[in-house]
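So you can see what is in the structure, the chains are spelled out below.
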Amino acid sequence: MPLMAALKLRRSTREYSDHQLSLQTLSDMLWAACGVNRRGGERTAPYWRHIMVIDVYAATADGVQVYEPTTHSMMPHLHEDIRAQTGLQDFVATAPLNLIYVAHGERMLDLPAAERRLYASVDAGFIGQNVYLFCAARGLATVFRGAVDTVNLAQTLKLPEEQFVTFAQTVGYPQP
Ligand SMILES: Cc1cc2nc3c(=O)[nH]c(=O)nc-3n(C[C@H](O)[C@H](O)[C@H](O)COP(=O)(O)O)c2cc1C
């Protein structure tokens with residue numbers, strides 16, 4: 001789909017069908033989100049000071065995986081279904097996929113703590129917009145979300161202390 005057509009369709013959706021995403025669709029979406037698009041290892045999304053601080057976690061009914069852009073692969077992280085903990089809205093518990101944008105604070109140590117969150121949030125926002133456009137182009141539904149209990153979710157994800165949750169993003173198919 002041409003970019004202008006995808007932009008025309010981009011929107012937030014909060015009602016999802018039960019239809020699951022195929023592995024190929026998930027793979028393509030994660031590459032669009034922040035996959036490697038150049039020989040130097042740079043990504044589809046821009047990022048602060050050439051230091052990649054965001055990890056993308058994918059929470060489904062089967063558990064949680066982390067996207068590893070350099071190998072374009074998913075690493076198992078948790079085996080539980082934690083979708084209900086990824087946000088404060090009801091649909092997150094049943095939508096097929098919730099992405100969680102986790103920041104490595106330890107990679108931003110020369111910034112004051114408040115600025116770490118700012119720059120990490122901008123990086124997450126660019127990734128989120130890539131996901132929005134991918135979803136628009138593929139007939140998927142999505143919403144970027146700040147209504148997240150980030151402290152509780154960090155504990156659920158068993159993140160090390162220096163890492164923190166920025167935003168989450170639900171992905172699925174729209175209700176017919
Ligand atoms: C930083 C940010 C946080 C957001 N948080 C939420 C949220 O927690 N829950 C939600 O349903 N939508 C959330 N949204 C989506 C916005 O509500 C939505 O983009 C806005 O209402 C415009 O609608 P549209 O995306 O359909 O154009 C968020 C968007 C942004 C950019």
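Notes on the structure in this doc start here. Keep in mind it's a predicted model, so treat the numbers as computed, not measured.

Rules and cut-offs
- Residues numbered from 1 in each chain as written.
- Predicted model: local features only at pLDDT ≥ 70, side-chain atom pairs only at ≥ 80, totals over all residues.
- Heavy atoms only, no water.
- Axes fitted to C-alpha atoms, helices over the stretch in contact; angles between N-to-C directions.
- Helix = DSSP H or I, 4+ residues; strand = E, 2+ residues; numbered from the N terminus.
- Parallel < 35°, antiparallel > 145°, perpendicular 65-115°, else oblique.
- Left-handed = near helix turned anticlockwise from the far one by under 90°.
- Contact = heavy atoms within 4.5 Å.
- Phe/Tyr/Trp six-rings, centres within 6.5 Å; stacked < 30°, edge-to-face > 60°.
- Buried < 20%, exposed > 50% of the residue type's maximum accessible area, 1.4 Å probe, protein only.
- Patch = residues over 30% accessible without salt bridge, like charges linked within 9 Å, V, L, I, M, F, W, Y side chains within 5 Å.
- Areas by Shrake-Rupley, 256 points an atom, 1.4 Å probe, with all protein chains shown as cover.
- Salt bridge = Lys/Arg side-chain N within 4 Å of Asp/Glu carboxyl O.
- Core = buried A, V, L, I, M, F, W, Y, C linked by side-chain atoms within 4.5 Å.
- Pairing = 2+ DSSP bridges.
- Disulfide = S-S within 2.5 Å.
- 1 Å grid on protein atoms, 1.4 Å probe; cavity = no way out; pocket = protein on both sides within 12 Å on 5 of 7 lines; lining within 4 Å.
- Points joined across faces, edges and corners; volume = space filled by probe spheres on them.
- Nonpolar A, V, L, I, M, F, W, Y, C, P; charged D, E, K, R; others polar.

### Things to note about the packing of helix α2 (residues 23–34) against helix α3 (residues 113–138)
Here's step 1: One way to put it is that α2 packs onto α3 with a least axis distance of 7 Å and a crossing angle of 140°. In terms of axis orientation, α2 runs oblique to α3. Once α2 is placed against α3, the crossing between them reads as right-handed. Contacts between α2 and α3 involve Thr25, Asp28, Met29, Ala32, Ala33 and Cys34 from the first element and Ile127, Asn130, Val131, Phe134 and Arg138 from the second.

### Topic: the packing of aromatic side chains
Here's step 1: Throughout the structure, instances matching the rule amount to four aromatic pairs.
Here's step 2: Ring geometry for Tyr16 and Phe91: centres 5.7 Å apart, planes at 40°, overall tilted. Here Tyr16, found in the loop between α1 (3–9) and α2, pairs with Phe91, found in the loop between β3 (73–78) and β4 (97–104); they are 75 residues apart in sequence, far enough to count as distant. Accessibility classification places Tyr16 together with Phe91 in one group, the buried group.

### So, a nonpolar patch on the surface
Here's step 1: A contiguous nonpolar patch, built from Leu118, Tyr119, Val122 and Phe126 and spanning about 350 Å² of accessible area, is present on the exposed surface.
Here's step 2: Turning to its location among the elements, Val122 is positioned in helix α3.

### Brief notes about the nonpolar core
Here's step 1: Ile54, Val56, Leu99 and Ile127 are the most contacted members of the largest nonpolar core, which totals 32 residues.
Here's step 2: Mapped by element, the contributors of at least two residues to this core are α2, β1 (54–60), β4, α3 and β6 (163–172).
Here's step 3: With near-sequence residues (within four places) excluded, Val56 lies in contact with Leu30, Cys34, Gln65, Val66, Tyr67, Leu99, Ile100, Tyr101 and Ile127.
Here's step 4: Formed by 15 residues, the second largest nonpolar core is a distinct cluster that contains Ile100, Ala154, Leu159 and Ala168.

### Re the sheet that holds β1
Here's step 1: A sheet is described by the order of its strands in space; here six strands give the open sequence β3-β2-β1-β4-β6-β5, paired in antiparallel fashion. Two strands bound the open sheet, and with one partner strand each, they are β3 and β5 (141–145). Mean inter-strand twist for the sheet, computed between neighbouring axes without regard to direction, equals 25°.
Here's step 2: This element, α2, spans β1, β2 (63–68), β3, β4 and β6 of the sheet and lies at about 35° to β4.

### Section: the state of the cysteines
Here's step 1: Within this structure, the stated rule accounts for zero disulfides.
Here's step 2: The thiol sulfur of Cys34 is not disulfide-bonded, and the nearest other cysteine sulfur, from Cys135, lies at 14 Å.
Here's step 3: The buried category is assigned to Cys34, whose relative accessible area is 2%.
Here's step 4: Residue Cys135 is classed as buried on the basis of its relative accessible area, which comes to 0%.

### Topic: the layout of surface pockets
Here's step 1: Put simply, the largest pocket is a space of about 240 Å³.
Here's step 2: Around the largest pocket, the lining comprises 14 residues; the ones closest to its centre are Leu26, Thr60, Ala61, Asp62 and Gln65.
Here's step 3: Those elements that provide at least two residues to the lining of the largest pocket are α2 and β2.
Here's step 4: With three residues, β2 is the single largest residue contributor to the lining of the largest pocket.
Here's step 5: Taken together, the residues that form the lining of the largest pocket break down as eight nonpolar, five polar and one charged.
Here's step 6: Volume-wise, the second largest pocket comes out at about 160 Å³.
Here's step 7: Taken together, 13 residues form the lining of the second largest pocket, with Leu9, Arg11, Cys135, Ala136 and Leu140 sitting closest to its centre.
Here's step 8: Looking at the lining of the second largest pocket, the elements that each hand over two or more residues are α3 and β5.

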